[in-house]
Number of protein chains: 2
Amino acid sequence: MVQKISFEEARERLMKRNLKATPQRVVIYEALVNMNNHPTAEMIYEHIHSNNPSISLATVYKTLDTFVDSKLADKVLSDHGVTRYDGYTDTHNHLYCTNTEELIDYEDEELVKMLEQYFESKRISNFKIHDIRLQVLGEKIDVRQQVELSK
Amino acid sequence: MVQKISFEEARERLMKRNLKATPQRVVIYEALVNMNNHPTAEMIYEHIHSNNPSISLATVYKTLDTFVDSKLADKVLSDHGVTRYDGYTDTHNHLYCTNTEELIDYEDEELVKMLEQYFESKRISNFKIHDIRLQVLGEKIDVRQQVELSK
DNA sequence: GTTAGTGCAAACGTTTTGCACGCTA
DNA sequence: TAGCGTGCAAAACGTTTGCACTAAC
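Residues numbered from 1 in each chain as written. Chains lettered and ligands numbered in written order. Predicted model: local features only at pLDDT ≥ 70, side-chain atom pairs only at ≥ 80, totals over all residues. Heavy atoms only, no water.

1. Concerning the domain arrangement of chain A
Residue and element names in this part refer to chain A.
At step 1: The domain boundaries assigned to chain A delineate domain 1 (1–89) and domain 2 (91–151).
At step 2: With centres defined by C-alpha atoms, the gap from domain 1 to domain 2 works out at 23 Å.
At step 3: Listed per partner, the contact involves 13 residues of domain 1 and 10 residues of domain 2.
At step 4: With both chains or domains summed, domain 1 and domain 2 bury close to 1000 Å², and 50% of this area falls on carbon and sulfur atoms.
At step 5: Three residues stand out in domain 1 for area buried against domain 2, namely His-38, Leu-77 and Tyr-88, and they jointly supply 46% of the buried area on that side. (Domains from an automatic or database assignment. Contact = heavy atoms within 4.5 Å. Buried area = accessible area lost by both parts, 1.4 Å probe.)

Below, the structure is given as structure tokens:
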């Protein structure tokens, strides 16, 4: 599960990956993790802008690229032509709500293992697997709708 | 498996979906299906341009949108900021080669069923599933490389 | 001090738009 | 012939770039 992190914790994680802990990076990483909604670069920029008016959007983009290279973040489902980032890099999958464009972490070790085992047993010829990504597309049903449906 | 289609077959499929069978649409649809490499709009435009110089790129985009709406095509993995289209709409998954950017159809009924059953049994609360998409990221290993590796 | 990171503005590539015209059913 | 589809050029959008400046180690 994702936990909110402090400025200090963000700083430490950057240094652990041998990244210079510039204030910009720390702020951007902290935002990415704490927003916890798979934000776009623009969303992160907006989020930090009032407290950090001098951090440019270009820096947000460059920094997110750096994080992806350093395995501090992943790019995730980019339907709609916008790249979204995930600061939670443990192997997991996503539910994507086609109504709200919400991306919901779907953590299920059983599923991850099932897929790994499946492809191990299949031994696809001529293809070396690096990563298995699964997205479940659908729609979030809120409680009121559920009550409505069960009538 | 994907089979090459004729102009006539393309025409018929459009009409079956209640789409006006304009020459542009027929040509674009025929190209999408017969190219069979999950092309971008631009790739389709290039492919048809010499024989159909008057069909504009904007029309290719609009037409592909129409196909997606009418379930004649799917948008698929759009890493790298370019949308790719798939004219083969039967449920299947993809292998994505991170070296060549090739998208390879991975047809495996067993896998599709396994996933369907898995999520049926899980009954994720508050979420109505429309579609389960799986991409396997990795790299194609060509025969020479394989020989190299097995030495 | 050296190297890597930042901010700016301009450029880029992809996709969408508005509108006049053309063609399909 | 009514209404949808098309072509064009321009605009919009997300993202990247080059470069001079700055700051972290």
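After presenting the structure, the write-up continues.
2. A few points about the protein's contact with DNA strand D
At step 1: Looking at DNA strand D, there are 21 residues lining it, with Tyr-61 of chain A together with Thr-22, Gln-24, Arg-25 and Thr-59 of chain B nearest.
At step 2: Near the protein, within 4 Å, the atoms of DNA strand D are sugar or phosphate in 76% of cases.
At step 3: Note that a phosphate oxygen of DNA strand D is positioned 2.6 Å from one of the side-chain N or O atoms of Thr-22 of chain B.
At step 4: Contact distances for DNA strand D include 2.9 Å between a phosphate oxygen and a backbone N or O atom of Ser-54 of chain B.
At step 5: Mapped onto the surface near DNA strand D, the elements with two or more residues apiece are helix H4 (57–69) of chain A together with helix H2 (23–35) and helix H4 (57–69) of chain B.
At step 6: Residues belonging to the surface near DNA strand D are distributed by class as follows: eight nonpolar, eight polar and five charged. (Near = heavy atom within 4 Å. Polar contact = N/O pair within 3.5 Å; in protein donor to acceptor, adjacent residues only side chain to side chain. Helix = DSSP H or I, 4+ residues; strand = E, 2+ residues; numbered from the N terminus. Nonpolar A, V, L, I, M, F, W, Y, C, P; charged D, E, K, R; others polar.)

3. Considerations on the nonpolar core
Residue and element names in this part refer to chain B.
At step 1: Ranked by internal contacts, the top residues of the largest apolar core, which has 26 residues, are Ile-28, Ile-44, Val-60, Leu-64 and Phe-67.
At step 2: Secondary structure elements with two or more residues in this core: helix H1 (7–16), H2, helix H3 (41–49) and H4.
At step 3: With eight residues, the single largest contributor to this core is H2. (Core = buried A, V, L, I, M, F, W, Y, C linked by side-chain atoms within 4.5 Å. Buried < 20%, exposed > 50% of the residue type's maximum accessible area, 1.4 Å probe, protein only.)

4. Here's the deal with the environment of Ile-129 of chain B
Residues and elements named next belong to chain B.
At step 1: You can see Ile-129 is positioned in strand E5 (residues 127–140).
At step 2: Accessibility expressed as a relative area gives 30% for Ile-129, which makes it partly exposed.
At step 3: Put simply, Ile-129 and Phe-119 are 10 residues apart on the chain and 8.6 Å apart in space, counted from C-alpha to C-alpha.

5. Considerations on the relation of the copies chain A and chain B
At step 1: It takes a turn of 179° to lay chain A on chain B, together with a shift of 0.0 Å along the axis; the resulting RMSD is 0.2 Å. The superposition of one copy onto the other is thereby described by a two-fold rotation axis. Considering only C-alpha atoms, the part of chain A nearest the rotation axis is Leu-134 of chain A, at 2.1 Å.
At step 2: Both copies present the same face, since 100% of the interface residues in chain A are matched by interface residues at the equivalent positions in chain B. (Least-squares fit on C-alpha atoms with pLDDT ≥ 70 in both.)

6. Comments concerning the protein's contact with DNA strand C
At step 1: Close to DNA strand C lie 22 residues; Thr-22, Arg-25 and Thr-59 of chain A together with Tyr-61 and Thr-83 of chain B are nearest.
At step 2: Counting only the atoms of DNA strand C that lie within 4 Å of the protein, the sugar and phosphate share comes to 74%.
At step 3: Contact distances for DNA strand C include 2.6 Å between a phosphate oxygen and a side-chain N or O atom of Thr-22 of chain A.
At step 4: In this structure, a phosphate oxygen belonging to DNA strand C sits 2.4 Å away from a side-chain N or O atom of Tyr-61 of chain B.

7. Focus: the interface of chain A and chain B
At step 1: Chain A puts 33 residues into the contact, and the matching count from chain B is 33 residues.
At step 2: The interface formed by chain A and chain B holds four salt bridges in total.
At step 3: Measuring nitrogen to oxygen at the nearest pair gives 3.0 Å for the salt bridge that ties Lys-122 of chain A to Glu-110 of chain B.
At step 4: Of all the secondary structure elements, the ones that give two or more residues to the side of chain A that touches chain B are strand E3 (93–97), strand E4 (103–106), helix H5 (109–122) and strand E5 (127–140) of chain A.
At step 5: Considering each element in turn, the side of chain A that touches chain B owes the most residues, 14 residues, to E5 of chain A.
At step 6: Relative to E5 of chain B, E5 of chain A runs antiparallel, the two sharing 13 bridges. Pairing of Glu-139 of chain A across the sheet is with Lys-128 of chain B, part of E5 of chain B. (Salt bridge = Lys/Arg side-chain N within 4 Å of Asp/Glu carboxyl O. Pairing = 2+ DSSP bridges.)

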